[in-house]
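What follows is each chain in one-letter form.
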Amino acid sequence: MSKLSSANFSATAVDILPLTIKHFDQVTLLANEVHGAGYMDNDKLAVMQQQGVCQGLNASFVALAAQQVLGYRLSFAAGQWQPDEWCSCERWPVPVSTMAYFKSVAVSPKLQGQGIGQRLLQQSSLALKQQGARAGLAHLWRESPHNSAVRYFSKAGGELLKIHENRWQALSYQGYACPVCEGICCCSAAEMVIVFK
């Protein structure tokens, strides 16, 4: 996936489809390219994909063109993920039982800024709402290039709840290689929520 052909993909020509096992290899490559080595593998991805399936609906999606995965969005259904120490449940606008989780997103660096991420988020939000979720939570990577993760989520109506320092530091000790930090990751996360209308 990381070696896109010279074809010039238009965001409107990209199909947004549910994530299935046939996309796993490409999604894993893209995730590690964008988020850093050791971020994703197919076994982790298989578990995460299942956390997004509820009532026969899949809330995780890929952006495809010419059989290439150009982006992905992993989302967990409400009730199918566990809040952790990085979650400020007391600040959430909906009960824990109705809060979905936007786990991970990536768009090929060559195609960022073309609206693919927004389309993935919209499709995922629709599926989560149809599953019964009232809102979706995310921990956005504040040190992403140009703070694009927070800007993209804010544009979709995301509201900031709390900043968490050193959010991914523990993963560094387990082999994760942050693409912006040398050695141990010191990146922070913006805990943000989108309330579904």
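The structure displayed is predicted, hence computed values, not measured ones.

Re unusual backbone geometry
Move 1: Phi is positive for glutamine 55, which is not a glycine, with a value near 55°.
Move 2: Looking at where glutamine 55 falls in the secondary structure, it is placed in the loop between strand 2 (53–54) and strand 3 (57–58).
Move 3: Here asparagine 166, not a glycine, exhibits a phi torsion of approximately 55°, which is positive.
Move 4: Residue classification places asparagine 166 among the partly exposed residues on the basis of a relative accessible area of 30%.

Structural notes on the confidence of the model for the protein
A low pLDDT score tells you not to read the predicted coordinates there in detail.
Move 1: This prediction gives the protein a mean pLDDT of 92; 94% of its residues lie at or above 70.
Move 2: Predicted confidence is poor over residues 1–7, with pLDDT under 50, and the contacts of this stretch with residues over four places away or in other chains come to 15 contacts.

Here we look at helix 4 (residues 148–155)
Count 3.6 residues to each turn of an α-helix, and residues three or four apart come out pointing the same way.
Move 1: Turning to helix 4, its buried residues are Ala149, Val150, Tyr152 and Phe153. One side of helix 4 carries all its buried residues, which in axial view fall inside an arc of 165°. Across helix 4 from its buried face, at more than 90 degrees, point the exposed residues Arg151 and Lys155.
Move 2: As for helix 4, its buried residues are in contact with strand 5 (68–76), strand 6 (99–107), helix 3 (116–131), strand 7 (135–141) and strand 9 (189–195).

Regarding the sheet that holds strand 1 (residues 15–18)
Remark on secondary structure: sheet strands pair via backbone hydrogen bonds, oriented parallel or antiparallel.
Move 1: With mixed pairing, the 7 strands of this open sheet are ordered in space as 1-4-5-6-7-9-8. Bordering the open sheet on either side are strand 1 and strand 8 (159–164), each of which pairs with just one other strand. Neighbour-to-neighbour, the strand axes of the sheet open up by a mean angle of 25°, direction not taken into account.
Move 2: In this sheet, strand 9 lies alongside strand 8 in antiparallel orientation, the contact comprising 5 bridges. Counterpart to lysine 162 in the pairing with strand 9 is glutamate 191.

Points about the packing of aromatic side chains
Move 1: With the rule as written, the count across this model stands at 7 aromatic pairs.
Move 2: When the ring of phenylalanine 102 is compared with that of phenylalanine 153, the centres are 5.7 Å apart and the planes differ by 75°; the resulting orientation is edge-to-face. Linking phenylalanine 102 in strand 6 with phenylalanine 153 in helix 4, this pair joins segments that are 51 residues apart in sequence. Of the two residues, phenylalanine 102 and phenylalanine 153, neither departs from the other in class, the shared state being buried.
Move 3: Plain terms: the ring middles of phenylalanine 102 and phenylalanine 196 are 6.4 Å apart, the flat faces sit at 85° to each other, and that makes the pair edge-to-face. Here phenylalanine 102 is found in strand 6, whereas its partner phenylalanine 196 is found in the segment after strand 9, with 94 residues between them in sequence.

Topic: the packing of helix 3 against helix 4
Move 1: Viewed as axis vectors pointing N to C, helix 3 and helix 4 meet at an angle of 50°, and their least axial separation amounts to 10 Å. Between helix 3 and helix 4, the interaxial angle falls into the category oblique. The two elements helix 3 and helix 4 meet at a crossing, and its hand is right-handed. In contact with Gly117, Gln118 and Leu121 of helix 3, helix 4 contributes Tyr152, Phe153 and Lys155.
Move 2: Of the residues that constitute the contact of helix 3 with helix 4, the class distribution is 3 nonpolar, 2 polar and 1 charged.

Reading guide: rules and limits
- Residues numbered from 1 in each chain as written.
- Predicted model: local features only at pLDDT ≥ 70, side-chain atom pairs only at ≥ 80, totals over all residues.
- Heavy atoms only, no water.
- Helix = DSSP H or I, 4+ residues; strand = E, 2+ residues; numbered from the N terminus.
- Buried < 20%, exposed > 50% of the residue type's maximum accessible area, 1.4 Å probe, protein only.
- pLDDT = per-residue confidence, 0-100.
- Contact = heavy atoms within 4.5 Å.
- Arc of directions from axis to C-beta.
- Pairing = 2+ DSSP bridges.
- Axes fitted to C-alpha atoms, helices over the stretch in contact; angles between N-to-C directions.
- Phe/Tyr/Trp six-rings, centres within 6.5 Å; stacked < 30°, edge-to-face > 60°.
- Parallel < 35°, antiparallel > 145°, perpendicular 65-115°, else oblique.
- Left-handed = near helix turned anticlockwise from the far one by under 90°.
- Nonpolar A, V, L, I, M, F, W, Y, C, P; charged D, E, K, R; others polar.

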